[in-house]
Amino acid sequence: MKKSSYHIIGLMSGTSLDGLDICYAQYFYNGNWSFKILKAVTIPYSKRWVAILKGLVDKSASQIDTIDKDYTRLLSTLVLEFISNYNIELIDAISSHGHTAIHKPEEGLTFQIGNLKILAELTNHTCVCDFRTQDVDLGGQGAPLVPVGDKLLFNKYDFCINLGGFSNISFCILNKLIAFDICPLNIILNYYSKKLGHDYDYLGYLASTGQIIKPLLENLNSLNYYQIYGPKSLGLEWVVENFHETIKNYDNTIKDILRTLVEHAAIQISKILDQYGNGQVLLSGGGTYNEFFIKILTQHSNSKFIIPSKPIIDYKEALIFGFLGVLKLRNEINCMKSVTGASKNHSTGKIYQIFK
């Protein structure tokens, strides 16, 4: 039975490995969708889990299977603590993105750990998860998935850009929803910041003190991915093959590399905005706090960038994965073929039902 209001806990773990985002929100439907974020936190991963998640691409199938079970148990523990800490009583479902272990859609492969049935059993709540597999089975990229939420929850903006591990964009043209990953961002900036002893480049200070490496910038800008029209998506494997392998040929300082990466991302994002007419752009994700990057991006683009409230910056993806769970519970379309390249629009995800 479809309702007019849902209380959902959304879980999101991204490639930047800064922790698990948990967003408890209420979603309302009265002909149009709206929401209210009730509680939200980011729980940092332990050093052990950061190391495990960072090394997933090198693990065997049997190792990933074990990690999958352990990670699902970790999610259940963190969710139960969240529920207890905030005395949460109304929960229609837990909606979980999981954490990407493998994403090679061109080979028909995508796998996210943390999407096992035991998440529902251990938390004693209905769970909606595994949102990418069905789309890849239908010939899609399995990503990005957030754009449906952008369209239905944030439709007053011309573009929505998330500045996370990867920068990705969503927008509508002639009522057709378009979305794709633009380029690596925090996944690569954090990697080089760590070489200088920092988990990330606070406010972009490290990059701001570097110099652009012009040959490296030209090499990155000429990567084939940027010549391909969407649907398209990026994964860690692609970053390793194309960024790490290219950058290691340069013996410049880490600060120079960071400065070049900032310039590269700003160019790629502004190029897309210019191509589609610019406009009002809602920013979200950790990269929104990188003041130096936002400064360079503004210099490259004629768009107007909107920086929303902190809960939206930090938890928009977890909020939207909660919303994808709502649409799945209602058996309504939450994945668009125009975005992922799948053979049809569909309602993706698995439901593990708990009857109380």
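Being a predicted model, the structure only gives us computed values, none of them experimental.

(A) Region of interest: the overall build of the chain. Scanning the chain from terminus to terminus reveals 13 helices and 13 strands. The C-alpha radius of gyration of the chain comes to 20 Å, within 12% of the 21 Å expected for a compact globule of 356 residues. A total of 356 residues make up the chain; the buried ones form 57% of that total. Sequence-distant contacts in the chain: of pairs separated by 6 or more residues, those separated by 24 or more amount to 69%. Carbon and sulfur atoms make up 50% of the accessible area of the chain, which amounts to about 15,700 Å² in all.

(B) Structural context of the packing of aromatic side chains. In total, this model carries 16 aromatic pairs according to the counting rule given. On the basis of an interplanar angle of 55° and a centroid distance of 5.3 Å, the ring pair of F159 and F171 is categorised as tilted. Residue F159 is located in strand 8 (residues 159-163), and its partner F171 is located in strand 9 (residues 166-173); the two are separated by twelve residues in the primary sequence. Comparing F159 with F171 shows no difference in burial state: the two are buried. The rings of Y6, Y27, Y29, W33 and F323 are connected pair by pair, giving a single aromatic cluster. Above the ring of Y6, the side-chain terminus of K3 is found at 5.3 Å from the ring centroid. Directly above the aromatic system of Y29 lies the positively charged group of R330, at a separation of 5.1 Å from the ring centroid.

(C) Quick look at the pairing of strand 3 (residues 33-43). Note: strand 2 (residues 20-29) against strand 3, ten bridges, orientation antiparallel. Following the sheet pairing, Q26 is matched in strand 3 by K36.

(D) A look at the sheet that holds strand 7 (residues 127-129). With respect to topology, six strands assemble into an open sheet ordered 3-2-1-4-7-13, the strand pairing being mixed. Edge strands, defined here as strands with exactly one partner in the open sheet, are strand 3 and strand 13 (350-352). Across the sheet, the mean angle separating the axes of adjacent strands is 20° when strand polarity is ignored. Most of the contacts of helix 2 (residues 61-85) go to strand 2, to which it runs at about 60°, and overall it touches strand 1 (5-13), strand 2, strand 3 and strand 4 (93-96).

(E) View of unusual backbone geometry. The peptide bond linking A143 to P144 adopts the cis configuration, its omega dihedral lying at -15°. Within the element layout of this structure, P144 appears in the loop between helix 4 (133-137) and helix 5 (147-153). In this structure, N278 takes a positive phi of about 55° despite not being glycine.

(F) Highlighting helix 1 (residues 47-54). Inspection of helix 1 places W49, V50, I52 and L53 among the buried residues, and these make up the whole buried set. The arc enclosing the buried residues of helix 1, seen along the axis, measures out at 165°, which places them on a common side. Looking at helix 1, the residues exposed on the side facing more than 90 degrees away from the buried face are K47 and R48. Of the surrounding secondary structure, the elements contacted by the buried residues of helix 1 are helix 2, strand 5 (99-104) and strand 6 (109-113).

About the cut-offs
- Residues numbered from 1 in each chain as written.
- Predicted model: local features only at pLDDT ≥ 70, side-chain atom pairs only at ≥ 80, totals over all residues.
- Heavy atoms only, no water.
- Helix = DSSP H or I, 4+ residues; strand = E, 2+ residues; numbered from the N terminus.
- Rg over C-alpha atoms; globule rule 2.2 N^0.38 Å.
- Buried < 20%, exposed > 50% of the residue type's maximum accessible area, 1.4 Å probe, protein only.
- Contact = heavy atoms within 4.5 Å.
- Areas by Shrake-Rupley, 256 points an atom, 1.4 Å probe, with all protein chains shown as cover.
- Phe/Tyr/Trp six-rings, centres within 6.5 Å; stacked < 30°, edge-to-face > 60°.
- Lys NZ or Arg CZ within 6 Å of the ring centre and 35° of its normal.
- Pairing = 2+ DSSP bridges.
- Axes fitted to C-alpha atoms, helices over the stretch in contact; angles between N-to-C directions.
- Arc of directions from axis to C-beta.

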